[in-house]
Amino acid sequence: MQFGYSERCLAHDTGERHPENPDRLRAIRRGLAKRHGVEYAEADPATREEVVAVHDAEYVDEFEAFVDDGGGSWDPDTVASEGTWDAALTAAGLAQWAARSALDGADGRDTPFALGRPPGHHAVPDDAMGFCFFNNAAVAAQTVLDEGAADRVAIFDWDVHHGNGTQDVFYDRGDVLYSSIHEDGLYPDTGDLEETGRDDGEGTTVNLPLAAGAGDADYRYAIDEAIGPAIDRFDPDLLIVSAGFDAHRHDPISRMRVSSEGYAMMTDRVRSVADDADAVEAYVLEGGYGLDTLAEGVSMVHETYDGRTPVTDDEEPDAKTESLVADLRELLDL
């Protein structure tokens, strides 16, 4: 894969004990150093105009002024430092790079993956939250739509937390489909099954809030029976994966049971879904707070595109997952 990366993202200093810290990117780089075929690319930061395409101008001004004053705690979870403004613009720019590169023909072993921080999927149009300031995946999707490089974009969010910000940005839009598999009841406690969009966006929001303890078989079933069919019907030009790795069974802040091999399986499924829809793929880093499992998860995505075949098991999904998927299929008429 090609990985978008910039040292500027390390300047976002959240403090020694914050789970979203620069060591996350350092751990990913160490893990990828052991793998074959890894390439890195720089990218220009997003512009203010490109960020304001998905965020309110007043919020963007307030955030910049907050950083200029030295930063601090925006809320109990979301921390800024003097380097956060540049890091946030850079993370959004890396996501743009990934989307543009995919649409320009980067695929297969050259599939792009943006390794930026702070993450983005909790950032709503008028506020920062959940470690996120700018919604990187949303900025990337809006950019390629505005540039005319794509007519329709699908976003699949496999982070363990629901991407409430991404959903909010596109909830009433018909040109972006947002789909998410997340842990039910976990922060930010959004993403109910019945949240399917409104107005022009009716049916273009797809949520599967799986029960705590869901593992590889549940995720495989959810993608095969719900997420994949919804994306295929939407017929996007680009599929952006909001790739968080905090559903891993050893991540410190979730109760899901996805294995490292499970991320290879999901990557393989994403690739098949995109192929069936004649779409290209781009990955954007979101969460993942166990350094070893984060690095392993990203490496599994890379190795899958580098030719490694995922190891599958014969486990069956939980009955609760099967019931939830059936309800969603009925709701969306899949």
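Residues numbered from 1 in each chain as written. Predicted model: local features only at pLDDT ≥ 70, side-chain atom pairs only at ≥ 80, totals over all residues. Heavy atoms only, no water.

Where do I start with the packing of aromatic side chains in this structure?
The description of an aromatic ring pair rests on the distance of the ring centres and on the angle between the ring planes. Counted according to the given criterion, the structure contains 20 aromatic pairs. Here the aromatic rings of tryptophan 74 and phenylalanine 133 are separated by 6.4 Å at their centres, their planes lie at 85°, and the arrangement is edge-to-face. Residue tryptophan 74 is located in the loop between β3 (72-73) and β4 (79-80), and its partner phenylalanine 133 is located in the loop between β5 (112-114) and α5 (136-146); the two are separated by 59 residues in the primary sequence. On the numbers, 6.1 Å between centres and 75° between planes, the contact of tryptophan 158 with phenylalanine 245 is edge-to-face. Note that tryptophan 158 is positioned in the loop between β6 (153-157) and α6 (164-170) and phenylalanine 245 in the loop between β9 (238-243) and α8 (260-277), a separation of 87 residues in sequence. (Phe/Tyr/Trp six-rings, centres within 6.5 Å; stacked < 30°, edge-to-face > 60°. Helix = DSSP H or I, 4+ residues; strand = E, 2+ residues; numbered from the N terminus.)

Got a minute to help me understand the nonpolar core in this structure?
Generally speaking, a soluble globular protein has its nonpolar side chains buried in company with each other. Membership of the largest hydrophobic core comes to 99 residues, with the highest contact counts inside it found for Phe113 and Trp158. Apart from the residues lying within four places of it in its own chain, the contact partners of phenylalanine 113 are Met1, Gln2, Phe3, Gly4, Trp97, Ala243, Phe245, Tyr283, Val284, Leu285, Val298 and Val301. (Core = buried A, V, L, I, M, F, W, Y, C linked by side-chain atoms within 4.5 Å. Buried < 20%, exposed > 50% of the residue type's maximum accessible area, 1.4 Å probe, protein only. Contact = heavy atoms within 4.5 Å.)

Looking at this structure, I do not really get the sheet that holds strand β10 (residues 280-285). What am I missing?
Through backbone hydrogen bonds, the strands of a sheet pair up, either in parallel or in antiparallel fashion. The strand order across the open sheet built from eight strands is β2-β1-β5-β10-β9-β6-β7-β8, with neighbouring strands paired in parallel fashion. Every interior strand has two partners, whereas the edge strands, β2 (39-41) and β8 (205-210), have only one. Strand after strand, the sheet turns through a mean of 20° between neighbouring axes, direction not considered. Bridging between β6 and strand β7 (residues 176-183) involves five bridges; their strand directions are parallel. Within the sheet, the bridge partner assigned to aspartate 157 lies in β7 and is serine 180. (Pairing = 2+ DSSP bridges. Axes fitted to C-alpha atoms, helices over the stretch in contact; angles between N-to-C directions.)

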